[in-house]
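Close look at the chain arrangement
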Amino acid sequence: MEKQDMMMTSMLTVDQGENEGEKDKGSVEVGGDEEGTQQQDSQPMLADGLADRGPKSLTSSSGQQVSNGFTTSTPQSPREGPGTAACAAGTAPGPGGGTGSLAPLGGLRTLVVQQTSLERPRETWSKKMDFLLSVIGYAVDLGNVWRFPYICYQNGGGAFLLPYLLMAVFGGVPLFYMELALGQFHRSGCISIWKHICPIFKGIGFAICIIALYIAFYYNTIMAWALYYLLSSFRPTLPWTTCSNSWNTANCHRYMSSDHNVTWSNWSTSPAEEFYTRQVLQVHRSPGLHQLGSVSWQLALCLLFIFTIVYFSIWKGVKTSGKVVWVTATFPYLVLLVLLVRGATLPGAWRGVVFYLKPDWEKLLSTTVWIDAAAQIFFSLGPGFGVLLAFASYNPFHNNCYKDALVTSSVNCLTSFLSGFVIFTVLGYMAEMRQQSVDAVAKDAGPSLLFIIYAEAIANMPAATFFAIIFFLMIIMLGLDSTFAGLEGVITAMLDEFPHVLAKRREWFVFGLVCVCYLGALSTLTYGGAFVVKLFEEYATGPAVITVVLLEVIAVSWFYGTQRFCNDIQVMLGFYPGCFWRVCWVAICPCFLLFIIISFLAFPPEVRLFNYHYPPWTTVLGYCIGVSSFICVPAYMFYHLLNAKGTFKQVWNSMNSHSTLPFGGGRAW
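Computed from a predicted structure; not experimentally measured.

Conventions we followed
- Residues numbered from 1 in each chain as written.
- Predicted model: local features only at pLDDT ≥ 70, side-chain atom pairs only at ≥ 80, totals over all residues.
- Heavy atoms only, no water.
- Axes fitted to C-alpha atoms, helices over the stretch in contact; angles between N-to-C directions.
- Helix = DSSP H or I, 4+ residues; strand = E, 2+ residues; numbered from the N terminus.
- Parallel < 35°, antiparallel > 145°, perpendicular 65-115°, else oblique.
- Contact = heavy atoms within 4.5 Å.
- Nonpolar A, V, L, I, M, F, W, Y, C, P; charged D, E, K, R; others polar.
- Phe/Tyr/Trp six-rings, centres within 6.5 Å; stacked < 30°, edge-to-face > 60°.
- Buried < 20%, exposed > 50% of the residue type's maximum accessible area, 1.4 Å probe, protein only.
- Lys NZ or Arg CZ within 6 Å of the ring centre and 35° of its normal.
- Disulfide = S-S within 2.5 Å.
- UniProt positions renumbered as here; feature names shortened; annotations may be inferred.
- Expected span 1.5 Å × (residues − 1).
- Polar contact = N/O pair within 3.5 Å; in protein donor to acceptor, adjacent residues only side chain to side chain.
- Core = buried A, V, L, I, M, F, W, Y, C linked by side-chain atoms within 4.5 Å.
- Left-handed = near helix turned anticlockwise from the far one by under 90°.
- Salt bridge = Lys/Arg side-chain N within 4 Å of Asp/Glu carboxyl O.
- Bend = angle between axes of the 7 residues up to and from the residue.

Between helix α6 (residues 161-186) and helix α24 (residues 579-602), the least distance of the axes is 9 Å, while the angle of their chain directions is 110°. Here α24 runs roughly perpendicular to α6, going by the angle between their axes. Facing Met167, Val169, Phe170, Gly171, Gly172, Val173, Pro174, Leu175, Tyr177 and Met178 of α6, the residues of α24 in contact are Phe580, Trp581, Cys584, Trp585, Ile588, Cys589, Phe592, Leu593 and Phe595. Split by residue class, the contact of α6 with α24 holds 17 nonpolar, two polar and no charged.

Tallying each qualifying case throughout the model produces 59 aromatic pairs. A centroid spacing of 6.1 Å and a plane angle of 85° characterise the contact between Phe307 and Tyr518, whose relative ring orientation is edge-to-face. Of the two residues, Phe307 sits in helix α10 (residues 297-314) while Tyr518 sits in helix α21 (residues 506-520), which places them 211 residues apart along the sequence. Tyr518 gets classed as buried once you look at its relative accessible area, which sits at 17%. Relative to Phe424, the ring of Phe355 lies with its centre 6.1 Å away and its plane at 35°, an arrangement referred to as tilted. Here Phe355 is found in helix α13 (residues 349-357), whereas its partner Phe424 is found in helix α16 (residues 401-434), with 69 residues between them in sequence. Among the aromatic residues, those joined into a ring-pair cluster are Trp225, Tyr228, Tyr229, Trp240, Trp247, Phe275, Tyr276, Phe451, Tyr454, Phe471, Phe472 and Phe610. Here the basic side chain of Arg285 rests over the ring of Tyr527, its NZ or CZ set 5.1 Å away from the ring centre.

Okay, the side chain of Ser232 next. Along the chain, the position of Ser232 falls in helix α8 (residues 203-232). What makes Ser232 buried here is its relative accessible area of 5%. What Ser232 contacts, discounting residues up to four positions off in sequence, is Pro239, Trp240 and Phe275.

In this section: the state of the cysteines. Inspection of every chain in the model, using the stated rule, returns one disulfide. There is a disulfide in this structure between Cys243 and Cys252, and the S-S distance comes to 2.0 Å. Judged by the sign of its S-S torsion, about -70°, the cystine formed by Cys243 and Cys252 is left-handed. Judged by relative accessible area, Cys243 falls into the partly exposed class, the value being 29%. In this structure Cys190 is not part of a disulfide, and its nearest cysteine sulfur, from Cys209, lies 4.0 Å away.

Attention now goes to unusual backbone geometry. A positive phi is found at Ala463, a non-glycine position, where the angle reads about 55°. Of note in the backbone geometry, Phe610 takes a positive phi value of approximately 55° without being a glycine.

What follows is about the UniProt feature "binding site: Na(+)" (unreviewed entry) in the protein. Per the UniProt entry, the sites bearing "binding site: Na(+)" (unreviewed entry) are Gly137, Ala139, Val140, Asn144, Ser380, Asn412, Leu478, Asp481 and Ser482 in this numbering. Spanning 346 residues, the named residues form one tight spatial group whose C-alpha atoms are at most 13.4 Å apart. Tracing the chain through its elements places Gly137 in helix α4 (residues 128-139). Setting aside chain neighbours within four positions, we find Gly137 in contact with Ala329, Leu478, Asp481 and Ser482. When you line up the elements, Asn412 lands in helix α16.

Our focus in this paragraph is the environment of Ser268. Here Ser268 shows up in the loop between α8 and α9 (271-280). Sequence separation of Ser268 and Asn251 is 17 residues, and the distance between their C-alpha atoms is 4.9 Å.

Let us look at helix α14 (residues 367-381). If you check α14, its first and last C-alpha atoms are 22 Å apart, about what 15 residues at 1.5 Å a residue would give, namely 21 Å. Across the 15 residues of α14, 11 count as buried, placing the element largely inside the fold. Turning to α14, its buried residues number three or more, namely Val369, Ile371, Asp372, Ala373, Ala374, Ala375, Gln376, Ile377, Phe378, Ser380 and Leu381. Turning to α14, the residues buried within the fold contact α4, α5 (142-154), α6, α16, α23 (542-573) and α24. Looking at where α14 begins, the residue whose side-chain oxygen comes 3.3 Å from the main-chain nitrogen of Thr368 is Ser366.

Core analysis: the largest hydrophobic core is formed by 199 residues, its most contacted members being Trp225, Trp240 and Phe472. Counting residues per element, this core draws most heavily on α8, which supplies 21 residues. Every residue in contact with Phe472, bar those within four places of it in the chain, is listed here: Ala226, Tyr229, Leu230, Ser233, Trp240, Phe451 and Ala455.

What follows is about the packing of α8 against helix α22 (residues 529-540). Remark: α8 packs on α22, axes separated minimally by 10 Å, with the N-to-C direction vectors making an angle of 135°. Classed by the angle they form, the pair α8 and α22 counts as oblique. Viewed along their axes, α8 and α22 form a crossing whose handedness is left-handed. Contact with α8, carried on its side by Tyr214, Phe217, Tyr218, Thr221 and Trp225, involves Ala530, Val533, Phe536, Glu537 and Ala540 of α22 and no other residues of that element. Partitioning the contact of α8 with α22 into residue classes produces eight nonpolar, one polar and one charged.

Note on pairing: side chains with opposite charge can pair once their charged atoms come close. Inspection of every chain in the model, using the stated rule, returns eight salt bridges. One salt bridge connects Glu507 with Lys316, and the closest N-O pair in it is separated by 3.0 Å. Of this pair, Glu507 sits in helix α21 while Lys316 sits in the loop between α10 and α11 (318-328), and the two are 191 residues apart along the sequence. Residue class for Lys316 comes out partly exposed when judged on its relative accessible area of 41%. Among the salt bridges present, the one from Arg351 reaches Glu432, with a minimum N-O distance of 3.1 Å.

Further remarks concern α6. Between its first and last C-alpha, α6 extends 35 Å over 26 residues, near the 38 Å set by a 1.5 Å rise per residue. The largest bend in α6 is about 50°, located at Ala168. The buried fraction of α6 is high, at 20 of 26 residues. One or two steps after α6, the chain reaches Arg187, where phi turns positive at roughly 55°.

Put into structure tokens, the structure is as follows:
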């Protein structure tokens, strides 16, 4: 990688008047062509030196504000010589190798901060909205459309909103805020950031990258299904509306109120269900996970097209992906509003809304409701996947990530709530047409809710082709945003960890990563691929990523230290986090995550898909897949201790002497 020498010399001149309490604000002159970038590169170095002084030193009445936003203090007594001030200003090398010194020049006292960096200036977002739309697009995904509405009505309707909001306020949003602040301050991906925080926990970064790959193996397959539906929508008659196709069986019946000659039995299937299971997935050709069958060439081509879009959207970095999200992150909201208005005008829509929101307060006494609320808010906001760290690392150093966290997390929760109305107005319409209860119509969860129930409802609307096209376009774009983000988290982590090897070869690295994801997804494109998708969804990501985030919170709050972390935020944003955030990071968030983990172990999910019950050996396989990513954490700890200098006892004593659990921080770890 071509190396560039950058040097910044900042001089703060303070007029020493007769009254020590009255001082004029100093000024900083920065030389160089890339002034903004040099300021940002120098800022973490100065902040690191100030971190140990605590919040008081950063807000003292004699504090001086330099033009790049940092606040520093000048000594008020002649006995505080240059050496004392130098320690406070960061004589220890910063991230770029800079040093700070404070020396008297006659009647003036001057702070000189100098940094020499051999690294390329870090890429930044072109606009603030690029970052916000990218984060919103990542957080608002397919789960907001199908998972939240289903869980909401299943767990007490409107009563479910109470545990959902509590879990968001005390668990989800603090974790979201923490990751944005960490990424923005340290300007690193999920692997290299640990050299600044707690090196022994570096295995967390590698575990996150493996989990992201597992997600890419199955998540994009759902978009391939949606693309198949989209292409099938460009027909005079939607293929999932009739029973006269080659894939239909004798049990296929079109069951609507207008079909008076149809008798519906327990063995009957709708044309939408047979199109999904027998034409798109073709699961009838696979007996189960032990015999997946051949790869469906139609889905393979659809997935290839999806990954082609992904590659050309992220191959150049956030400069290109930040432009793409202006379409992929905003179009779903336009479609949701159109579908909401259309659904509200359908007969029977009110039945679905009442079923969605009618509170059942007794269900709040069930532990399952609180478990589902915690899991839903965690996976909806998405901390722990390395994405928020990566996106925030491209922000300007003084960007208000606190406000960003509140805005984006609020938008995410409101989108989930809005999606419930979009889904249940249509389900109420279906119940009216079938002359059934909404509960009987809404029995399917997950992708089946979209690809069977909602697809069938759209097919029976006026202008069905138009609504089918925009609906499946929305599904694809919701998935694309999350894929952009997930892979960008991996790319940023690897490029920051191995800059001299990969920095100038980003396009080739991204191409190789996309190829690996495509090859890894081939098993999900087989006739039994839906069974593989379900297995990955239940075991490969959930428990592993929650455990990883638990260790991340412990490492930041207990080992790096909440005080040090809050000082970093104060240097970056200009204010010290309140007591609420500190208590959440130290105690509530770890308990929140531990609650989810214990509940998962105590109540393992009963995994089934259609009529296939997963045998016991698949549970073992699922846990092995989950452990394969998490094993990176203890493996790297062992590697780190093995390569540390001195005997094991000396290393252990050194770590204990620098750690001040649970509220302090010691970087010796």
